[in-house]
Amino acid sequence: MWWYPYTLLLVASKLLMVRALPIASITIVDKSPTLARLTAQSVDTFPITNGILNPYPDKPRVVFGKDGAFKLTVFADIHYGENPWDWWGPQQDVNTSRLMRTMLAMERPDYVVINGDLITGENTFRENSTSLIDTIVQSLDEAKVPFSSTYGNHDNQVNITHIEEIERETSITPFSYTRRSPPGVGGVGGPGNYWVPVYEKEMDMSPALVLWFFDSRGGVYTNGTSMPDWVDESVAAWIADETEAMNVAWGPPKSRSALAFVHIPPHPIQAVQETLNSTVNPGLNADGLGQGSTQATTSPASVGNDRPFWDALNTHVKNLRAVVSGHDHGDEWCAREPTYDVIFCFSKHSGYGGYSGEGWGRGVRSFVFRSSLPSDGIDSYILLEDGTARARVFLNHEYR
């Protein structure tokens, strides 16, 4: 493979993401079928730094700790901006910001994910809806922790859209690694599909872990009509192309792990709930999964429309350690989805906004990678605002 390394790296690099300067085509001299197929399509340029594939040439690399571990903490369903005309709405935001600062101080994560429903968009005003993002990221800026966001059904409403939140977030903080999808990927209303590389060491040529982020859309368009509540089928082809180009540039994925985040759970997870064992799958299980609680279920006619995404994710992303969703505030368990033998975990409802129930609590889910090796297990648990830890599991090949 090394007799045309520069051509391979250049083509793979141009296929992958920060796609800023569109070009019509790429001319290559190599005649390999893979390269010919990949470059036959219109792609955009991708930054190369010292010949290394890098979607963030102007940002510090995300790396494992000096002890070889990596902790990722997930906030979900923080629901800022609820009922701003009542005293209790703004107070909820104050409480959620306090919770975020408390959890960041307790966990001291290497990376943070906000897994959707950042804003209760149906309660916001058009003139200031995106300014809520400023408040949301303040605690992350103070902690100086890198982070990424997915977006949920409440983030697509008449007065707010996913793309507006992405643009606001990335313009006001240097710690955001959120990106928008390339043109034609994600469908209308679903621009938040991207990936972030995590390296074992600062100078490594290839990452040890790739964090994937997907946009499950939902909510309504700005004209008030319903938006599809699933990851658009265009994302399936994008996953296939991205992973193939990664393999060309970085080599086989056998030593590279992946973790995926999407706000609304894929529809196949609904059947998993029926098989839970409270010993193996500990944690709150208060939200029954049904219409509207998993992808492509708001309308019976749409059932199965998330299948292209789910199939592509599990077919092309190797060493997928877990898929993580929010959306259903009363669930916080992990379990293995049998069709693809992949672990699924719920996040933890973090915000004082959004629905809740007695005894549910608010907090985060953390994932602790003991090392960069895909063969090593991951510790995961729910941590509540009062410091209580629960639903602790060890995610490895034996976990069910």
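Bringing the overall build of the protein chain into the picture now. Broken down by element type, the protein chain carries eight helices and 15 strands. In the protein chain, which comprises 400 residues, the proportion classed as buried is 59%. Taking all contacts inside the protein chain whose residues are at least 6 apart in sequence as the whole, residues at least 24 apart take part in 72%. Of the roughly 16100 Å² of accessible surface on the protein chain, 54% is carried by carbon and sulfur atoms.

Another point: the sheet that holds strand β15 (residues 389-395). A sheet is described by the order of its strands in space; here six strands give the open sequence β6-β5-β4-β13-β14-β15, paired in mixed fashion. The sheet terminates laterally at β6 (147-150) and β15, the two strands that pair on one side only. Across this sheet, the average inter-strand angle for adjacent strands is 20°, counted without regard to direction.

It is worth spelling out the environment of Glu165 at this point. Tracing the backbone shows Glu165 in helix α5 (residues 162-172). Residues Glu165 and Leu132 lie 33 residues apart in sequence; the distance between their C-alpha atoms is 9.2 Å. Dropping the residues within four chain positions of it, Glu165 is found in contact with Leu118, Ile119, Ile133, Tyr151, Asp155 and Ile160.

Here the focus is the sheet that holds strand β12 (residues 342-346). Spatially, β3-β7-β8-β9-β10-β12-β11 is the arrangement adopted by the seven strands of the open sheet, whose pairing is mixed. Each having just a single partner strand, β3 (62-63) and β11 (334-337) make up the two edges of the open sheet. Packed onto the sheet, helix α8 (residues 307-316) meets β8 (209-214), β9 (257-262), β10 (320-325), β11 and β12 and runs at close to 150° relative to β10.

This paragraph deals with the packing of aromatic side chains. Per the counting criterion, the structure on display carries 17 aromatic pairs. Ring plane angle 15° and centroid distance 5.4 Å describe the contact between Phe213 and Phe261, whose orientation is recorded as stacked. Remark: Phe261 occurs in strand β9 and Phe213 occurs in strand β8; sequence separation between them is 48 residues. For the pair Phe213 and Phe261, one class covers both residues: buried. The structure contains a cluster of three or more aromatic residues connected by ring pairs, namely Trp212, Phe214, Trp238 and Phe309. Positioned above the aromatic ring of Tyr352 is the side chain of Arg362, whose terminal nitrogen or guanidinium carbon lies 4.2 Å from the ring centre.

Viewed as axis vectors pointing N to C, helix α4 (residues 132-143) and α5 meet at an angle of 40°, and their least axial separation amounts to 10 Å. The angle between α4 and α5 places the two elements in the oblique class. The chirality of how α4 crosses α5 is right-handed. Note on element contacts: α5 touches α4 through Glu165, Arg168, Glu169 and Ile172, opposite Ile133, Asp134, Val137 and Asp141. Residues of the contact of α4 with α5, tallied by class, amount to three nonpolar, no polar and five charged.

In this section: the pattern of salt bridges. Under the criterion given, the structure shown has 13 salt bridges. Residues Glu167 and Arg180 are paired through a salt bridge, measuring 3.6 Å at the closest nitrogen-oxygen approach. Of this pair, Glu167 sits in helix α5 while Arg180 sits in the loop between α5 and β7 (194-199), and the two are 13 residues apart along the sequence. With relative accessibility at 43%, the residue Glu167 sits in the partly exposed group. Across the salt bridge formed by Arg336 and Asp341, the nearest N and O atoms sit 3.4 Å from each other. Taking the relative accessible area as the measure of exposure, Arg336 reaches 11% and is therefore buried. Take Asp341: its relative accessible area is 44%, and that puts it in the partly exposed class.

To continue, consider the pairing of β11. Walk down a regular strand and you will see the side chains alternate between the two sheet faces. Looking at chain direction, β11 and β12 are connected through four bridges and run antiparallel. The residue bridging Arg336 from the neighbouring strand is Ile343, located in β12. Remark: four residues form the turn of the hairpin made by β11 and β12, two consecutive strands paired antiparallel; Asp341 in that turn has positive phi of roughly 55°.

As a further point, take the pairing of β8. Along β8, six of the six residues are buried, which leaves the element largely enclosed by surrounding structure. Neither face of β8 is exposed, since Leu209, Leu211 and Phe213 on one face and Val210, Trp212 and Phe214 on the opposite face are all buried. Here β7 runs beside β8; their pairing, made up of five bridges, is antiparallel. If you follow Val198 over to β8, its bridge partner there is Leu209. As paired elements, β8 and β9 share six bridges and run parallel to each other. Counted as the bridge partner of Val210 is Ala258 from β9.

Cut-offs applied
Residues numbered from 1 in each chain as written. Predicted model: local features only at pLDDT ≥ 70, side-chain atom pairs only at ≥ 80, totals over all residues. Heavy atoms only, no water. Helix = DSSP H or I, 4+ residues; strand = E, 2+ residues; numbered from the N terminus. Buried < 20%, exposed > 50% of the residue type's maximum accessible area, 1.4 Å probe, protein only. Contact = heavy atoms within 4.5 Å. Areas by Shrake-Rupley, 256 points an atom, 1.4 Å probe, with all protein chains shown as cover. Pairing = 2+ DSSP bridges. Axes fitted to C-alpha atoms, helices over the stretch in contact; angles between N-to-C directions. Phe/Tyr/Trp six-rings, centres within 6.5 Å; stacked < 30°, edge-to-face > 60°. Lys NZ or Arg CZ within 6 Å of the ring centre and 35° of its normal. Parallel < 35°, antiparallel > 145°, perpendicular 65-115°, else oblique. Left-handed = near helix turned anticlockwise from the far one by under 90°. Nonpolar A, V, L, I, M, F, W, Y, C, P; charged D, E, K, R; others polar. Salt bridge = Lys/Arg side-chain N within 4 Å of Asp/Glu carboxyl O.

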